[in-house]
Amino acid sequence: MTHQVYLGLEQGTLEQKNAFWTAREISQQPSVWQQLLAQMVQEQGELQDWLKPVLALPNLRIILTGAGTSAYIGEALQAHLNARMTLSAGQRVEAISTTNILSNPGLQLRKDVPTLLVSYGRSGNSPESRAAVELADQLVEDCWHLVVSCNPEGALVTSAKDNPRYKVLLMPSAAHDQSFAMTSSFTSMMLATLTLFTPDQAQYDKMRLLAEQILLRDLDSIETLAALPCRRLVFLGSGPLLAIAREAALKVLELTAGGLPSFYESPLGFRHGPKSLIDNSTQVLLLPSANSYTGRYDADLRLELQKDAQALHISAPVALSQIAGLEDVWLGFPYILYCQMLGFFKALQFGISPDNPCPTGEVNRVVQGVNIYPYRQD
């Protein structure tokens, strides 16, 4: 029987460390992206036929929603879609998590504003995700739903059956991560949204090449970086990369079972208080923008941190020369891949099993213990 090697470790070793699925699902991402694009070529006509009348609605709100990692997809894409989509006056794209919709539906949903709710879910079984869809139907007079999910049997997908106001966009089966942490599911659902609303083959080709280079070339350096004896880890990114920094911080926190406190901010925002956490046990990973204007602020902060000489280590995933020509929303893919790898090796360093970092069940792969209360407007 042939054993595979993922992230430099043989299958047997990975299985022994309960790390096989995480390593495989991080490594498979460029391949899954290719599968997704091939699938969407076949489905694009049907998807666009469904979307066209919805996107023609005056004053349309497009709400990108999900919980946890799934919410960060919308946060990473919102500004890019607003800038690149052909939106008429009054139309806009917003990112609102299902957790915020559920806790404050009267503040987040508008009865008389037509809405396209784009719901992200790896399993599609998160209680908040199901409740957010139901609340939108309850409170919005003209509501449409695009379900982007990895699980054909999840509640989000099955609830859309035979309903003309719902459309499902399923990811390739491999994107339905078996590991605790979302990796290929996150990037696949993000790529599906970009491909649907703002396709760009040239940007995709560049980002996929960089992602493959990171997997092949940077494995040893990432493992070395993960071995640094830090007690906290900070991720910094601007614009779309702020959401990538947020997801990176969550990934490290999840994979180390909370053993390594991880933080995120923008380079400019970092000076406004959060910089006070820097000490000689703090590791900083800056996610530099490819935008020449934004990049000047990234460079300024890096020079400042180097001059302060307080941090344990300051680094970036790749050299600036490698990101030229990539828009930041596309740069998020290779960056989060790099950060997933870093989190994976941090978990192993801490003696944590990446596939199930919380075996005692306080935190679960699909969130549990959420009470859903009926909502009545006052």
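Presented here is an overview of the structure given in this document. (Residues numbered from 1 in each chain as written. Predicted model: local features only at pLDDT ≥ 70, side-chain atom pairs only at ≥ 80, totals over all residues. Heavy atoms only, no water.)

1. Concerning the overall build of the protein chain
Move 1: A count of helical and extended segments in the protein chain gives 15 helices and eleven strands.
Move 2: Radius of gyration (C-alpha) of the protein chain: 20 Å, near the 21 Å computed for a compact globule of 378 residues.
Move 3: For the protein chain, the residues scored as buried account for 54% of the 378 residues in total.
Move 4: Put simply, 79% of the contacts in the protein chain that link residues at least 6 apart link residues at least 24 apart.
Move 5: Per element, the accessible surface of the protein chain, about 16400 Å² overall, is 50% carbon and sulfur.
Move 6: Measuring between centres, the 28 positive side-chain charges of the protein chain sit 4 Å from its 36 negative side-chain charges. (Helix = DSSP H or I, 4+ residues; strand = E, 2+ residues; numbered from the N terminus. Rg over C-alpha atoms; globule rule 2.2 N^0.38 Å. Buried < 20%, exposed > 50% of the residue type's maximum accessible area, 1.4 Å probe, protein only. Contact = heavy atoms within 4.5 Å. Areas by Shrake-Rupley, 256 points an atom, 1.4 Å probe, with all protein chains shown as cover. Lys, Arg positive; Asp, Glu negative; His and termini not counted. Charge placed at Lys NZ, Arg CZ, Asp CG, Glu CD.)

2. A word on helix H11 (residues 219-226)
Move 1: Looking at H11, one finds that the buried residues are Leu 219, Ile 222, Leu 225 and Ala 226. All buried residues of H11 project into a common sector of 125° when viewed along the axis, lining one side. Set apart from the buried face of H11 by more than 90 degrees, the exposed residues are Asp 220 and Thr 224.
Move 2: Against helix H10 (201-217), strand E10 (282-287), strand E11 (313-315) and helix H15 (328-349) lie the buried residues of H11. (Arc of directions from axis to C-beta.)

3. Digging into the sheet that holds strand E7 (residues 166-170)
Move 1: Judged by pairing direction, the sheet is parallel, and its five strands sit side by side in the order E4-E3-E5-E6-E7 without closing on themselves. Among the strands making up the open sheet, the edge pair consists of strand E4 (92-95) and E7. Here the average twist between neighbouring strands, direction ignored, is 20°.
Move 2: Examined bridge by bridge, strand E3 (residues 61-65) and E4 share four bridges and lie parallel to one another. The partner of Leu 64 across the bridge, within E4, is Ala 95.
Move 3: Along the sheet, helix H9 (residues 184-197) makes contact with strand E5 (115-121), strand E6 (143-149) and E7, crossing E6 at roughly 130°. (Pairing = 2+ DSSP bridges. Axes fitted to C-alpha atoms, helices over the stretch in contact; angles between N-to-C directions.)

4. Concerning the sheet that holds E10
Move 1: Reading across from one edge, E9-E8-E10-E11 is the order of the four strands in this open sheet, with parallel pairing throughout. Only two strands of the sheet have a single partner each, and these edge strands are strand E9 (262-265) and E11. Shown here is a sheet whose adjacent strand axes are inclined to one another by a mean of 15°, direction ignored.
Move 2: Here strand E8 (residues 232-237) pairs with E9 via four bridges, running parallel.

5. Focus: the nonpolar core
Move 1: Counting 88 residues, the largest nonpolar core has Leu 116 and Phe 235 as the members making the most contacts within it.
Move 2: Top element by residues in this core is H15. It accounts for 13 residues.
Move 3: Beyond its immediate stretch of four places on either side in the chain, Leu 116 contacts Trp 50, Leu 51, Val 54, Leu 60, Arg 61, Ile 62, Ile 63, Trp 144, His 145 and Leu 146.
Move 4: Counting residues in each nonpolar core, the second largest holds 17 residues, with Leu 109, Val 133, Leu 156 and Tyr 166 among its members. (Core = buried A, V, L, I, M, F, W, Y, C linked by side-chain atoms within 4.5 Å.)

6. A closer look at the packing of helix H2 (residues 20-27) against H15
The description of two helices packed together rests on the angle between their axes and the distance between the axes.
Move 1: In contact at an axis separation of 10 Å, H2 and H15 are set at 160° when each is read in the N-to-C sense. As judged from the angle between their axes, H2 and H15 are roughly antiparallel. Our pair here, H2 against H15, has a crossing hand that is left-handed. Contacts from Thr 22, Ala 23 and Ile 26 of H2 reach H15 at Leu 337, Gln 340, Met 341 and Phe 344.
Move 2: When its residues are assigned to classes, the contact of H2 with H15 shows five nonpolar, two polar and no charged. (Parallel < 35°, antiparallel > 145°, perpendicular 65-115°, else oblique. Left-handed = near helix turned anticlockwise from the far one by under 90°. Nonpolar A, V, L, I, M, F, W, Y, C, P; charged D, E, K, R; others polar.)

7. Side note on the pattern of salt bridges
Move 1: Counted according to the given criterion, the structure contains 17 salt bridges.
Move 2: With a shortest N-O distance of 4.0 Å, Asp 177 and Arg 122 are connected by a salt bridge. On the criterion of sequence distance, the pair formed by Asp 177 in the loop between E7 and H9 and Arg 122 in the loop between E5 and helix H7 (127-139) is long-range, its members being 55 residues apart. Just as Asp 177 is buried, Arg 122 falls in that class too.
Move 3: Via salt bridges that share partners, Arg 271, Lys 275, Glu 304 and Asp 308 belong to a single interconnected network. (Salt bridge = Lys/Arg side-chain N within 4 Å of Asp/Glu carboxyl O.)

8. Let's talk about a nonpolar patch on the surface
Move 1: Together, Leu 268, Tyr 293 and Tyr 297 line one region of the surface with nonpolar side chains, adding up to about 310 Å² of accessible area.
Move 2: With respect to the helices and strands, the residue Tyr 293 is situated in helix H14 (residues 292-308).
Move 3: We classify Tyr 293 as exposed; its relative accessible area is 54%. (Patch = residues over 30% accessible without salt bridge, like charges linked within 9 Å, V, L, I, M, F, W, Y side chains within 5 Å.)

9. Regarding the environment of Ser 149
Move 1: Assignment of secondary structure puts Ser 149 in strand E6.
Move 2: Along the sequence, Ser 149 and Met 171 sit 22 residues apart, while their C-alpha atoms lie 6.2 Å from each other.
Move 3: For Ser 149, the contacting residues outside a window of four places in its chain are Gly 121, Arg 122, Ser 123, Gly 124, Val 157, Leu 169, Leu 170, Met 171 and Met 189.
Move 4: One polar contact links the side chain of Ser 149 to the main-chain amide nitrogen of Asn 151, over a distance of 3.3 Å. (Polar contact = N/O pair within 3.5 Å; in protein donor to acceptor, adjacent residues only side chain to side chain.)

10. Some thoughts on the packing of aromatic side chains
Think of a pair of aromatic rings as described by two things: how far the centres are apart, and how the planes are tilted against each other in angle.
Move 1: Per the stated rule, a full pass over the model turns up seven aromatic pairs.
Move 2: With 5.2 Å between their ring centres and 80° between their planes, Phe 344 and Phe 345 make a pair best called edge-to-face.
Move 3: By relative accessible area, which is 5% here, Phe 345 ends up buried.
Move 4: Clustering of aromatic rings is evident, with ring pairs tying together Tyr 6, Phe 20 and Trp 21.
Move 5: The cationic tip of Arg 165 hangs over the ring face of Trp 144; the distance from NZ or CZ to the ring centre is 4.5 Å. (Phe/Tyr/Trp six-rings, centres within 6.5 Å; stacked < 30°, edge-to-face > 60°. Lys NZ or Arg CZ within 6 Å of the ring centre and 35° of its normal.)

Treat this as a map of the structure, not an account of what it does.
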